[in-house]
Amino acid sequence: MKKHARKWLSLVTSAGFLSAAAAQRADPQNLLHPPADAWLTYHGEYDGQRHSQLIGITPENVGSLQQVWHFQTDQNQAIKASPILVDGILYLTTPDNLWAIDAHTGKQLWHYRHPLNNAFHIGHRGAAVYKDTVYLTTPDCHLIAFNRLDGTIKWDVVIANSDNGYWSSNAPLVVRNHVLVGVSGDFDNVPGQLKSIDAETGKAQWVFYSTPPAGAKESANGGATGGQMWTTGTYDPELNLVFVGTGNPTPVLNGSVRPGNNPWTCSIVALNPDTGRLVWGFQVSPHDTHDWDANEVPVLADAEFGGQPRKLLMQASRNGYFFVLDRTNGKSLLTAPFATANWAKGIDSLGRPIPDPAKEPTRDGVLVAPNEAGATNFRPPSLDRKTGFLIVNAQDGYGIYFFKSEHGDYGWAGADYNVAGKSFLRAIDYRTGKIAWEHAIGDGAGTAGVLTTESGLTISGDNRVSVMALRTRDGATLWHHAIGKVQNAPITYQLDGKQYLVVGGGESLYAFALP
Amino acid sequence: MRAKRTITVLGPALLAGGWIVAQGMSAYAQGNASGPGSGVRRNPSQSPAALPRPKTAIPQTYSAAQVQTGELRFAAQCGFCHGRDAAGGESGPDLTRSELVAQDRRGDKIKHLLRTGRVDAGMPAFDLSDAEMDSIGAFIHAQMEKLAALSGGRRSVQPADLATGNAADGRAYFNGAGGCSGCHSATGDLAGIATRYRGLALLQRMLYPGGRPAPKPPKAIVTLASGQTVVAPLDAQDEFTVTVLDPSGARQTYQRDAVNVKIENPISAHFAQLGKYSDSAMHNVFAYLDTLK
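Helices and strands together make up the secondary structure of chain A, namely three helices and 38 strands. Here the C-alpha radius of gyration of chain A, 22 Å, is about what a compact globule of 515 residues would show, namely 24 Å. With respect to the principal axes defined by its C-alpha atoms, chain A has extents near 65 × 50 × 45 Å.

Printed below as a string of structure tokens:
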């Protein structure tokens, strides 16, 4: 380890040389086909499968994994981000913070701390890289571009007005020279917006609105605002389409003032990354009144479905349903529950659950499954192609939902309380929607994302302090290690011929490898 | 203004309902961020509060500047769970009705809680400066006073809101289909329950016992390799370990692969019941429990 550290320091001092070589590493070609010694995007690859081809760590040897280093953020904010790895440097974020960390040693190379600001600090999902630049979104809705080797700021632009109720926790998605950045905002009636920023210059290219911008005359969506795109989308280069999940409508619990389905809230939208134009949309929760953002990862796969080859998109959504779509046109192929859900009367001819009006929030309260934490949430699932399993952190949970006219029509506009829940890692067979196995991880909502590897491993966390390796085939536990609560998905990469597993536990990042 | 001019809204027929702003907008032209809702003001509460609020035990005053600073820090650090106005939010309770706040004297209780968190209840510890914590405390106290002066809580759920059930039907369900009487008795453990808990607190306690006072913990029966059996209240468990409280209150942790563990948790019946309740049965059982004064 020491040797690598020295080597690295000498490289940093000759940064001019390194930047020329490094510029090749996160270029558009590598982003399309990431090498084994990198984790270049939030999902690792554009398809969002979060599945590594590495086979160094196997079901047979995973039991001897050992901790190589750990990195303390010295912050009170848990790590909810997925790190990025380029050229032996990890980029890790929490709200207001970006670190560059030597992946060989876990030592900090540089750290940026954003000035104190009063926007929401709910969490941060990660950074993005393009050539020699690393990008960070901040709670007060700046997008900052840094020289990724020394942390100097190249430019800093505002992507939304945080004084109006927006904040950002988003890990941007880079497609060619487009940096796609989303924002959040549930406490104000503000339109949902996804912005494309020029990767080199910081200039705005386009904005896609999921609900009408100010001044727009539009009645089709019933007057809903919201539909924020706060998670990282996926990309199909052949179709040249970006797929993004949109959040809940606002006002959140008061549906009476926004009649109809409220497109494009709680939806999956397919956008042209060059223009921001909507090619299709599919609404997974028409007229949501329970805060069930459809921001979960739209996972892409080219695979056989129903006996013919298809370009699939699948999402295990916060509302408790698993969706398989044909991503060329957004048409439904399969809709099936993967967790307890009591809010729908059935599935309509387009594959959308039909909301039961009796489960809309009331003055005296209704008991609803899932609860607000959701049947799953932003933590990414993983698709293992060998078994056909989408492995997702799922919760069977109940909440009580209230709305009365006194709650008004602004922001949350209601009250809801989680009652109880139990969570599981569930393997959904995407061909049938059936649960192949489940692995209990504790009470309440789960917090860990999932990584699978080609050697047949599923890496995730339980609801207390453990990172775990399960056998993908049947969910059996093969290894575990107490590191603190895992709150995003682990990543893996090869460095100096060795496979590393990197995962956040609590406020620290841990690296594991075979001895 | 500039953003408004450049907005090109394309109709739903063309775009299936998407909205785009055309290219050429400067990264700084943020006129679009003032959404249709930004001019809408929150509705003031119209309902009279049915429950008396806890009263501030020690009257205390803070400077307007401190309260204002506190409002901003509160919004950033606390608002997501407790609501930006401290009157309750996504997962945190209404602090303007908090007994702890009512008993707090210039931050002595609030600051301690901020430093330690309530990890079991999902509240992290906060690493804030003294001045920041003071300002947050000032804001919460100011909100408590302000909302007490108003006639109700915007997001509150009042006992009267919940009074829609039929107590006789609830009693029949309690003793029959619900199976509640298998563990509970109206004249035994539940006697006077409606005087101990009211409104939302009673409903939550009924659906899934939690909060304070904490319900009786599950019982762990741990059989050691030696054959010795330990029966003790369960403190925590996962797939790998079981932690129990020994008679002195100390925690004792066992590795699951070294012992045999059986957990008896009567509360699990409440979880199973959540899948069986109709909303009317829930309101009826609540109405019945609300008669046990």
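Having seen the model, we can carry on.
Another point: the overall build of chain B. Helix and strand content of chain B: 13 helices and seven strands. For chain B, buried positions account for 32% of its 293 residues. Relative to all contacts within chain B whose residues are 6 or more apart in sequence, the contacts with residues 24 or more apart total 63%.

Moving on, we come to the sheet that holds strand β33 (residues 457-461) of chain A. All names here are of chain A. One open sheet holds the five strands; their spatial order is β1-β32-β33-β34-β35, and the pairing between them is mixed. Across the chains shown, the open sheet's two edge strands, defined by having one partner strand only, are β1 (51-52) and β35 (477-482). Strand direction decides the pairing type here: strand β34 (residues 466-471) and β35, joined by five bridges, are antiparallel. The partner of S466 across the bridge, within β35, is A482.

The next point concerns the nonpolar core. I84, Y91, A127, A128, V129 and L390 of chain A are the most contacted members of the largest nonpolar core, which totals 154 residues. For this core, the element with the most residues is helix α7 (residues 130-149) of chain B, which contributes eight residues. Once residues lying within four places of it in the same chain are set aside, the contact partners of L390 of chain A are V299, M314, A316, P381, L383, I428 and Y430 of chain A. Counting 38 residues, the second largest nonpolar core, distinct from the first, contains L367 and A420 of chain A together with V157 and L274 of chain B.

Looking now at helix α11 (residues 199-207) of chain B. All of the buried residues in α11 of chain B are G199, L200, L202, L203, M206 and L207 of chain B. With its buried residues spanning 160° around the axis, α11 of chain B presents them on a single face. On its buried face, α11 of chain B sits against β30 (415-429) of chain A together with α8 (159-162), α10 (193-196), α12 (268-274) and α13 (279-289) of chain B.

Here we come to the sheet that holds strand β24 (residues 331-337) of chain A. Residue and element names in this part refer to chain A. A sheet is described by the order of its strands in space; here four strands give the open sequence β21-β22-β23-β24, paired in antiparallel fashion. Across the chains shown, the open sheet's two edge strands, defined by having one partner strand only, are β21 (299-305) and β24. Between one strand and the next, the sheet's axes are offset by a mean angle of 30°, whatever the strand orientation.

Comment: phi is negative for the bulk of residues other than glycine, and the bulk of peptide bonds are trans. All names here are of chain A. Look at the link from P263 to W264: it is a cis peptide, with omega at -10°. Relative to the helices and strands, W264 is located in the loop between β18 (249-250) and β19 (267-271). Backbone torsion omega between A369 and P370 reads 0°, so that peptide bond is classified as cis. In this structure, P370 sits in the loop between β27 (366-368) and β28 (382-384). The backbone of D496 sits at a positive phi, close to 50°, despite the residue not being glycine. Along the chain, D496 falls in the loop between β36 (491-495) and β37 (498-505).

All right, on to the environment of K404 of chain A then. Within the secondary structure, K404 of chain A is located in the loop between β29 (389-402) and β30. Remark: the alpha-carbon pair of K404 of chain A and T94 of chain A, spanning 310 residues in sequence, is separated by 37 Å. With near-sequence residues (within four places) excluded, K404 of chain A lies in contact with R363 of chain A together with D161 of chain B.

With that out of the way, let us pick up the confidence of the model for chain B. Low pLDDT means the predicted atomic positions in that stretch should not be read closely. Averaged over every residue, the pLDDT of chain B is 79; residues scoring 70 or more account for 79%. Across residues 1-51 of chain B, where pLDDT falls below 50, the model places 132 contacts with residues more than four positions away in sequence or in other chains.

A word on α13 of chain B. Of all 11 residues that make up α13 of chain B, eight are buried, and the element is covered over most of its length. Those residues of α13 of chain B that fall on the buried side of the exposure criterion are A281, M282, H283, N284, V285, F286, Y288 and L289 of chain B. On the buried face of α13 of chain B, the contacting elements are β27 of chain A together with α8, α9 (167-175), α10 and α11 of chain B.

Residues and elements named next belong to chain A. One ladder, built from six bridges, connects strand β23 (residues 321-326) with β24; its direction is antiparallel. The residue bridging L325 from the neighbouring strand is S332, located in β24. Counting the residues that bridge the hairpin from β23 to β24 gives four residues, and of these G330 lies at a positive phi of roughly 75°.

Among the secondary structure elements, T187 of chain B is positioned in the loop between α9 and α10. A C-alpha to C-alpha distance of 43 Å links T187 of chain B and A258 of chain B, two positions 71 residues apart in sequence.

Now for the packing of α11 of chain B against α13 of chain B. The angle between the axes and the distance between the axes are what describe a pair of packed helices. Residues and elements named next belong to chain B. Their axes nearest at 10 Å, the elements α11 and α13 cross at an angle of 115°. By the angle between their directions, the pair α11 and α13 is classed as roughly perpendicular. You can see that α11 and α13 cross each other, and the crossing is right-handed. Contact residues: α11 offers L202, L203 and M206, while α13 offers V285, F286 and L289.

Turning our eyes to something else, we now look at the pairing of β23 of chain A. Counting buried positions along β23 of chain A gives five out of six residues, so the element sits mostly inside the fold. In sequence, strand β22 (residues 308-316) of chain A turns back onto β23 of chain A through a hairpin of four residues, with G320 of chain A there showing a positive phi of about 100°.

A few words on the confidence of the model for chain A. Per-chain confidence: chain A averages 93 in pLDDT, with 95% of residues scoring 70 or above. Contacts for the low-pLDDT stretch residues 1-24 of chain A, under 50 throughout, to residues beyond four places or in other chains number 22 contacts.

Our next topic: the packing of α9 of chain B against α13 of chain B. All names here are of chain B. Viewed as axis vectors pointing N to C, α9 and α13 meet at an angle of 100°, and their least axial separation amounts to 7 Å. One way to sum up the angle between α9 and α13 is to call them roughly perpendicular. Facing A167, D169, G170, R171, Y173 and F174 of α9, the residues of α13 in contact are A281, N284, V285, F286, A287 and Y288. Here the contact of α9 with α13 is built from residues that sort into eight nonpolar, two polar and two charged.

Quick notes on the rules
Just so you know, the residues in each chain are numbered from 1, in the order the chain's sequence is written. Each chain is given a letter, starting from A, and each ligand a number, starting from 1, according to the order in which they appear as written. Restriction of local features to residues with pLDDT of at least 70 applies here, the model being predicted, together with a cutoff of 80 or more for giving and counting side-chain atom pairs; totals for whole chains, interfaces and linings are based on all residues. What counts as a helix is a DSSP run of H or I of at least four residues, what counts as a strand is a run of E of at least two, and both are numbered from the N terminus. Two things to know: the radius of gyration comes from C-alpha atoms, and the globule rule equals 2.2 Å times the number of residues to the power 0.38. Partly exposed residues are those falling between the two cut-offs: more than 12 but fewer than 20 other C-beta atoms within 10 Å of their own, whereas 20 or more means buried and 12 or fewer means exposed, with C-beta atoms placed from the backbone. It is the C-beta atoms, placed from the backbone, that decide contacts: two residues are in contact if theirs lie within 7 Å. Note on pairing: DSSP must find at least two bridges between two strands before they are called paired. Remark: nonpolar core denotes a set of buried Ala, Val, Leu, Ile, Met, Phe, Trp, Tyr and Cys residues whose joining runs through C-beta atoms within 7 Å. Each C-beta atom gives one direction from the helix axis, and the arc is the one those directions make. Here an angle of 0 to 180 degrees is reported between the N-to-C directions of two axes, which are lines fitted to C-alpha atoms, with helices fitted over the stretch in contact. Values of pLDDT, which run from 0 to 100, indicate the predictor's confidence residue by residue. Here is the rule for angles: anything less than 35 degrees is roughly parallel, anything more than 145 is roughly antiparallel, 65 through 115 is roughly perpendicular, and the remaining ranges are oblique. By the definition used in this description, the sense in which the near helix is turned from the far one sets the handedness, with an anticlockwise turn below a right angle giving left-handed and a clockwise turn giving right-handed. Side-chain classes are defined by residue name, with Ala, Val, Leu, Ile, Met, Phe, Trp, Tyr, Cys and Pro counting as nonpolar, Asp, Glu, Lys and Arg as charged, and the others, Gly among them, as polar.

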